[in-house]
Amino acid sequence: MSKPDWLASPKVFRTEVLAGLVVALALIPEAISFSIIAGVDPAIGLFASFTMAVVISVVGGRKAMISAATGAMALVIAPLNHEYGLSYLIAAVILGGLMQMALGALGVAKLMRFVPRSVMVGFVNALAILIFMAQVPEMRDVPWAVYPLIIGGLALMIFFPKITTVIPAPLVAIVTLTVITVAAGIAVPDVGDKGDLPSSLPVPGLPDVPFTMDTLTTIAPYAFAFALVGLMESLMTAKLVDDITDTHSNKTRESIGQGIANIVTGFFGGMGGCAMIGQTMINVKTSGARTRLSTFLAGAFLMVLCIAFGPVVSDIPMAALVAVMVLVSFATFDWHSIQPGTLKRMPVGETTVMVVTVAAVVATHNLAIGVVLGCITAMVIFAKRVAHIAEVSGVVDPDGNQVVYAVTGELFFASSNDLVYQFNYKDDPDDVVIDLTDAHIWDASSVAALDAIETKYAQRGKKVTIVGLNKASAEMHGKLAGQLTAGH
C-alpha cells in the first residue's frame, strides 16, 4: 500500500497540522454563531463540526476541503427547530443525509456542469458578502476597545506573512489579541459570552421523535432543502478548490460522503452541515493545506480545544475572530469580476446573471435560491442569444428551374419559429432544395417548422428536398417528420 500523501515530507505534515489547528480555532466561533442562528445550544453546532470534518476526511471526494456546521444549513432548518424542537431538527438532518446519498448515487454531481461560470462568481461574491454581514452584529453596540482590536488583528494578518509563513497568520492574530485582552484585563465580548462549550464527547443516539408518517411529512420538506443546499454548496466549493489547486476531485463520492457525514452527525446529536467555503479558503489558500489530514485534524483539534482548553478558548475575544472572518470575506470575494475593465469586456448577459445571483442570495440569505435564479436567468439569456443565430440564404439556378436555400445555425424552439417566414413560397421555381449542412436540428419544434415549409410549398404544387443533414439531425428528422400535426 502506498504512503498517504500527508506523510510525503515533514514540511507537508507540518503544514497540514498547523492548517488543521487554525481551521479548528476559526471553526469554534462560527459553529457557535451558526448554533445561535439555528436556535440551538453552542454544543450542537460544535459537535456537528467535529463529526462532519472527521467523517468527510475519510469518505469525501475532495481532499483538504472543510465540512462543518454552516450558516446556509442553519438558515434552512432554523424554522423547523423553532416550531418543533431539537429532536425534529436532528431527524431532518438524518433524512437529509439519506437524500444526499440517494441524489449522489443518481449522479446529481454531473448537473454541476450546467451551472455557468457567472453563477459561480455570483455565488462566491454573495457568500463573501454574507460572511461579512454575519460579522456586523459583532461590531455594533460593543465597547470602543473592540475596534482597535479588530484593526490590529487585520494588520497582523496582512503584514505577518511578509515576515514568515511557517505559522499561519490567523493563528498569530488570535493568540496575540487573546494575550493582550487577558493580560491588560480589557473587558470585551469573548467566545464564552456566546454560550457554554461542551465538556465531554458526544454520545450516539436516535432522535426522540415518533416514527410516523406525520413526522415524515413534517420534516421531509426541510430535509430536502437541507440536502439540496448542502450538495450545492459542497460541490461548488469542491469545484473552487479544484481550480485553486489544479487538481480534479470525485464529485459523486463527495455527494455520497456528505450524506454519510450528515447521517453520522445526526446520530451524534449534531445540527448537520456541508462544505464551508470560508474555512476551506483558510485551509487551502491561507494555510496551504492539500491533504485529508488537515480536514481530519480540524475536527479533532476542535473537540480537544473545547474539552481540554474550554476556559482558555472562552477567553478568545470575538474581535480576533471577527478580524479573521472579515479577511476571509475579502479574500473570498472575486474583486476582478467587478473591475471596470472586466465589466466593459464582459457581455451584458453574463454580468446580469452574476448580479441576479448575488442579489437573490443577499436578499434571501439562501444560497439555493440565488443559484437557481442565476441558472434560470442564464438559460433565458442563452436561448435568446442562440435564437438569432439561424440564418437562411437562397440562390436560384441560372436556368431558373431550381432554388437552393442554405440554412446555417442551431435550430431549436426559439430559432425555428422565424424559419417559416424566410422562404419565398409564391415566386420560387417548382424544385426547392433546403441544404442543412451547416445547421443542426435539436428538437421537435424544428422538425415541425420544416414540415410547415414543405406543406406551404406542396400547396402550390412545388417539391421540397432536404439535404445535408448530419447523423443526429437525420435521426431526429426521420423519426418525427410528418408525425407532428393532428392529421396524422
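So, here is what we can say about the structure in this document. (Residues numbered from 1 in each chain as written. Predicted model: local features only at pLDDT ≥ 70, side-chain atom pairs only at ≥ 80, totals over all residues. Heavy atoms only, no water.)

### Quick look at the overall build of the protein chain
Of regular secondary structure, the protein chain possesses 19 helices and 6 strands. Taken over C-alpha atoms, the radius of gyration comes to 29 Å for the protein chain, far larger than the 23 Å a tight globule of 488 residues would show. Counting only C-alpha atoms, the protein chain reaches 100 × 55 × 55 Å along its principal axes. The buried share of the protein chain, reckoned over its 488 residues, is 51%. Taking the intrachain contacts of the protein chain between residues at least 6 apart in sequence as the baseline, contacts between residues at least 24 apart amount to 84%. Carbon together with sulfur atoms contributes 66% to the accessible area of the protein chain, which is approximately 22200 Å² in total. (Helix = DSSP H or I, 4+ residues; strand = E, 2+ residues; numbered from the N terminus. Rg over C-alpha atoms; globule rule 2.2 N^0.38 Å. Buried < 20%, exposed > 50% of the residue type's maximum accessible area, 1.4 Å probe, protein only. Contact = heavy atoms within 4.5 Å. Areas by Shrake-Rupley, 256 points an atom, 1.4 Å probe, with all protein chains shown as cover.)

### Brief notes about the packing of helix H3 (residues 71–84) against helix H4 (residues 86–105)
Relative to each other, H3 and H4 sit at 140 degrees, their axes nearing to 8 Å. Accordingly, the angle class assigned to the pair H3 and H4 is oblique. The interaxial crossing formed by H3 with H4 has right-handed handedness. Every residue of H4 that contacts H3 at Met-73, Ile-77, Leu-80, Asn-81 and Tyr-84 is listed here: Leu-86, Tyr-88, Leu-89, Ala-92, Val-93 and Gln-100. Per-class residue counts for the contact of H3 with H4 are 9 nonpolar, 2 polar and no charged. (Axes fitted to C-alpha atoms, helices over the stretch in contact; angles between N-to-C directions. Parallel < 35°, antiparallel > 145°, perpendicular 65-115°, else oblique. Left-handed = near helix turned anticlockwise from the far one by under 90°. Nonpolar A, V, L, I, M, F, W, Y, C, P; charged D, E, K, R; others polar.)

### Some words on helix H2 (residues 42–59)
Taking 1.5 Å of rise per residue, the 18 residues of H2 would be expected to cover 26 Å, and the 26 Å separating its terminal C-alpha atoms lies within 8% of that figure. Burial within H2 is extensive, with 15 of its 18 residues counted as buried. (Expected span 1.5 Å × (residues − 1).)

### A closer look at the sheet that holds strand S5 (residues 431–441)
Strand order in the open sheet made by the 4 strands is S3-S4-S5-S6, with mixed pairing throughout. This sheet does not close on itself; its edge strands, each paired only once, are strand S3 (391–396) and strand S6 (463–467). The mean inter-strand angle of the sheet, taken between neighbouring strand axes irrespective of direction, is 20 degrees. Here 6 bridges tie S3 to strand S4 (residues 402–411), and the two strands are oriented antiparallel to one another. Within S4, the residue paired with Gly-394 across the bridge is Tyr-405. Together, S5 and S6 form the strand contacts of helix H19 (residues 471–480), whose direction differs from that of S5 by roughly 120 degrees. (Pairing = 2+ DSSP bridges.)

### Some words on helix H11 (residues 292–308)
Taking 1.5 Å as the rise per residue, H11 with 17 residues should run 24 Å; its terminal C-alpha atoms sit 24 Å apart, in good agreement. Of the residues making up H11, those classed as buried are Leu-293, Ser-294, Thr-295, Leu-297, Ala-298, Gly-299, Leu-302, Met-303, Leu-305 and Cys-306. Buried residues belonging to H11 abut helix H1 (10–38), H2, helix H10 (277–286) and helix H12 (310–314). Between a side-chain oxygen at the N-terminus of H11 and the backbone nitrogen of Leu-293 the separation is 3.2 Å; the capping residue is Thr-291. (Polar contact = N/O pair within 3.5 Å; in protein donor to acceptor, adjacent residues only side chain to side chain.)

### Quick notes on the packing of aromatic side chains
Within the structure shown, the criterion is met by 9 aromatic pairs. With a centroid separation of 4.6 Å and 45 degrees between ring planes, the pair formed by Phe-333 and Trp-335 is classed as tilted. Relative accessible area serves as the criterion here: at 15%, Phe-333 is assigned to the buried category. Assessed through its relative accessible area of 43%, Trp-335 is described here as partly exposed. (Phe/Tyr/Trp six-rings, centres within 6.5 Å; stacked < 30°, edge-to-face > 60°.)

### Description of the side chain of Asn-81
Relative to the helices and strands, Asn-81 resides in helix H3. Among the residues examined, Asn-81 registers a relative accessible area of 9% and is labelled buried. Polar side-chain contacts of Asn-81 include one of 3.0 Å to the backbone oxygen of Gly-39. Polar contacts involving the side chain of Asn-81 include one to the main-chain amide nitrogen of Leu-86, which spans 3.2 Å. If near-sequence neighbours (up to four positions away) are discounted, Asn-81 is found in contact with Ala-38, Gly-39, Val-40, Leu-86 and Leu-89.

### Digging into the environment of Val-142
Counting through the fold element by element, Val-142 comes out in the loop between helix H5 (117–135) and helix H6 (146–163). Residue Val-142 is classed as buried on the basis of its relative accessible area of 18%. Expressed as a C-alpha distance, the spacing of Val-142 and Val-404, which sit 262 residues apart in the sequence, is 78 Å. Val-142 has contacts with Tyr-147 and Pro-189, leaving out every residue within four places of it along the chain.

### What about the pattern of salt bridges?
By the definition in use, this model includes 3 salt bridges. Close ionic contact of Asp-242 with Lys-251 constitutes a salt bridge, the shortest N to O distance being 2.5 Å. Residues Asp-242 and Lys-251 agree in their burial class; the two are buried. By sharing partners, the salt bridges in this structure join Arg-62, Asp-242 and Lys-251 into a single network. (Salt bridge = Lys/Arg side-chain N within 4 Å of Asp/Glu carboxyl O.)

### Structural notes on the packing of helix H15 (residues 348–364) against helix H16 (residues 367–387)
At a minimum axis distance of 8 Å, the contact between H15 and H16 shows a crossing angle of 160 degrees. Of the possible angle classes, the one that applies to H15 and H16 is roughly antiparallel. Once H15 is placed against H16, the crossing between them reads as right-handed. On H16, the residues that touch Gly-349, Glu-350, Thr-352, Val-353, Val-356, Thr-357, Ala-360, Val-361 and Thr-364 of H15 are Leu-367, Ile-369, Gly-370, Val-371, Leu-373, Gly-374, Thr-377, Ala-378, Ile-381 and Arg-385. For the contact of H15 with H16, the class distribution of residues is 10 nonpolar, 7 polar and 2 charged.

### What about the nonpolar core?
Ile-28, Leu-46 and Met-271 are the most contacted members of the largest nonpolar core, which has 96 residues in total. For this core, the leading source of residues is H1, giving 11 residues. In this structure, Val-403, Leu-419, Ala-439 and Ala-449 belong to the second largest nonpolar core, which totals 22 residues. (Core = buried A, V, L, I, M, F, W, Y, C linked by side-chain atoms within 4.5 Å.)

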